[in-house]
Amino acid sequence: MLDKAALILNAFYPSGGEFRLAELVTRTGLSKTTAFRLAGNLVQLGFLEHTGEHYRLGNHLFELGSLVSRRLDLRETALPFLQDLFESTRQTVHLGVRDGFDVVYLDRIHGHGSLALPSRIGGRLPLSCTAIGKALLAFCKEEARDLDARDLPRLTPHSITDPVALRTALEQTQVSGLAYEEQEAAVGVCCIAAPVFAGATAVAALSVAVPQQQFRPAHLAPAVRTAALGLSRALRNGVAPGVKSLPSSE
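First, a word on scope: everything that follows refers to the structure included in this document. (Residues numbered from 1 in each chain as written. Predicted model: local features only at pLDDT ≥ 70, side-chain atom pairs only at ≥ 80, totals over all residues. Heavy atoms only, no water.)

### Quick look at the overall build of the protein chain
Okay, so step 1: Within the protein chain, the regular secondary structure consists of eight helices and nine strands.
Okay, so step 2: Expressed as a percentage of contacts within the protein chain between residues at least 6 apart in sequence, the contacts between residues at least 24 apart total 58%.
Okay, so step 3: Accessible surface, the protein chain: about 13,100 Å² in total, of which carbon and sulfur atoms supply 54%. (Helix = DSSP H or I, 4+ residues; strand = E, 2+ residues; numbered from the N terminus. Contact = heavy atoms within 4.5 Å. Areas by Shrake-Rupley, 256 points an atom, 1.4 Å probe, with all protein chains shown as cover.)

Below, the structure written as structure tokens:
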């Protein structure tokens, strides 16, 4: 029964939202009777909420998720650096980690513009389509970097789908310490990212996302690099020291 309850919770992935019982049945493959019973149990436990004909994820799941210690510690330590990076650039900034072949976004501070981004806190995107993903790939162990056997996903016409081109991009990132993404996850959006280290391996990355017409890497790079270096130092020392002002992108 636990497996079946997990099917219902996973039916809300990746978009969240609200679903009728019939939609949960379709998404899970469970019978209507079983889905109704388990959904009712999950409502009683606080894992789901039920309003009218719709079910949605409950607050108790958010409370449990916020207790995931390793990522919570990383997110809390990173927050001052993300805030300074946002203040310096006035653009949307992200903190992400690797999970398999995806980036999972732990935090995001968005600007005041109407930039349409596919990223969201707790969401994921393919490594090869994001600047954060490339920063993580470039500084992971060699055996974990080989994506040749996989079909690289195409989210936009600009996504890298050639493993040779991806390897070239990762080599450039290893040299410069910065990764770039130009309209590869969303048309009209470009990003620059830098890896965050705890030892020799990148454990996270920070990025800035800007409209394509405003993408000036030379202006953004100093602030992104400084934020990532500061967070790496804080993780290495086990504390989050005061953050000095970052170079402005203006």
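Moving on from the model shown.
### So, the side chain of Asp107
Okay, so step 1: Assignment of secondary structure puts Asp107 in strand S5 (residues 102-109).
Okay, so step 2: The class of Asp107 is buried, set by a relative accessible area of 7%.
Okay, so step 3: A polar side-chain atom of Asp107 sits 3.4 Å from a polar atom in the side chain of Arg75.
Okay, so step 4: Not counting the four nearest positions on each side in its chain, Asp107 is found in contact with Arg75, Leu79, Leu82, Val93, His94, Leu95 and Ile121. (Buried < 20%, exposed > 50% of the residue type's maximum accessible area, 1.4 Å probe, protein only. Polar contact = N/O pair within 3.5 Å; in protein donor to acceptor, adjacent residues only side chain to side chain.)

### Topic: the sheet that holds strand S8 (residues 189-197)
Okay, so step 1: With antiparallel pairing, six strands are arranged side by side in an open sheet as S6-S5-S4-S9-S8-S7. Each having just a single partner strand, strand S6 (124-126) and strand S7 (179-182) make up the two edges of the open sheet. Taking each pair of neighbouring strands and ignoring which way they run, the sheet shows an average axis angle of 30 degrees.
Okay, so step 2: Both strand S4 (residues 92-99) and S5 contribute to a ladder of seven bridges, which runs antiparallel. Counted as the bridge partner of Val93 is Ile109 from S5. (Pairing = 2+ DSSP bridges. Axes fitted to C-alpha atoms, helices over the stretch in contact; angles between N-to-C directions.)

### Quick notes on empty space enclosed by the protein
Okay, so step 1: Under the counting rule described, the total for this entry stands at one cavity of 30 Å³ or more.
Okay, so step 2: A volume near 110 Å³ is recorded for the largest cavity.
Okay, so step 3: Lining the largest cavity are 16 residues, with His94, Tyr105, Leu125, Glu181 and Cys191 positioned closest to its centre.
Okay, so step 4: Within the lining of the largest cavity, the residues separate by chemical class into eleven nonpolar, four polar and one charged. (1 Å grid on protein atoms, 1.4 Å probe; cavity = no way out; pocket = protein on both sides within 12 Å on 5 of 7 lines; lining within 4 Å. Points joined across faces, edges and corners; volume = space filled by probe spheres on them. Nonpolar A, V, L, I, M, F, W, Y, C, P; charged D, E, K, R; others polar.)

### Considerations on the sheet that holds strand S3 (residues 54-57)
Okay, so step 1: The three strands lie next to each other as S1-S3-S2, forming an open sheet whose pairing is antiparallel. The sheet is open, and its two edges are formed by strand S1 (19-20) and strand S2 (48-51), each paired on a single side.
Okay, so step 2: Sheet topology places S2 next to S3; four bridges connect them, and they run antiparallel. Its bridge partner being in S3, His50 is matched across the sheet by Tyr55.

### Considering the pairing of S7
When a strand is regular, its side chains alternate between the sheet's two faces.
Okay, so step 1: Side-chain alternation along S7 places Ala179 and Glu181 on a buried face and Tyr180 and Glu182 on a face that remains uncovered.
Okay, so step 2: Across four bridges, S7 lies against S8 in antiparallel orientation. Residue Glu182 lies in a different strand from S8, and its bridge partner there is Cys190.
Okay, so step 3: The turn joining S7 and S8, which pair antiparallel and follow one another in sequence, is formed by six residues; a positive phi near 60 degrees is taken by Gln183.

### Considerations on the nonpolar core
Okay, so step 1: Ranked by size, the top nonpolar core spans 30 residues in total, and within it Leu95, Ile192, Leu206 and Val208 carry the most contacts.
Okay, so step 2: Contributing elements (two or more residues each) for this core: helix H5 (69-89), S4, S5, S8, strand S9 (202-211) and helix H8 (217-237).
Okay, so step 3: Broken down by element, the residue count for this core peaks at eight residues, all from H8.
Okay, so step 4: Contacts of Leu206, omitting those with residues within four sequence positions, involve Leu82, His94, Leu95, Ile132, Ile192, Ala193, Ala194, Val196, Val224, Ala227, Ala228 and Leu231.
Okay, so step 5: The next biggest cluster of nonpolar side chains, apart from the first, holds 26 residues, and it includes Ala169, Leu170, Ala185 and Ala205. (Core = buried A, V, L, I, M, F, W, Y, C linked by side-chain atoms within 4.5 Å.)

### As for the pairing of S8
Okay, so step 1: In terms of burial, S8 is a largely internal element, eight of the nine residues being buried.
Okay, so step 2: Between S8 and the antiparallel strand that follows it, S9, lie four residues; Gly199 among them carries a positive phi value of about 100 degrees.

### Re unusual backbone geometry
Okay, so step 1: For Arg90, which is not a glycine, the phi torsion comes out positive at approximately 60 degrees.
Okay, so step 2: Within the element layout of this structure, Arg90 appears in the loop between H5 and S4.
Okay, so step 3: Relative accessible area serves as the criterion here: at 38%, Arg90 is assigned to the partly exposed category.
Okay, so step 4: One non-glycine residue, Gln183, lies in the positive phi region at around 60 degrees.
Okay, so step 5: Within the secondary structure, Gln183 is located in the loop between S7 and S8.

### Comments concerning the packing of helix H6 (residues 131-138) against helix H7 (residues 163-176)
Okay, so step 1: Closest axis-to-axis distance for the H6/H7 pair is 9 Å, and the angle between their directions is 75 degrees. Put simply, H6 runs roughly perpendicular to H7. Between H6 and H7, the residues in contact are Lys134, Ala135, Leu137 and Ala138 and Leu170, Thr173 and Gln174, respectively.
Okay, so step 2: Per-class residue counts for the contact of H6 with H7 are four nonpolar, two polar and one charged. (Parallel < 35°, antiparallel > 145°, perpendicular 65-115°, else oblique.)

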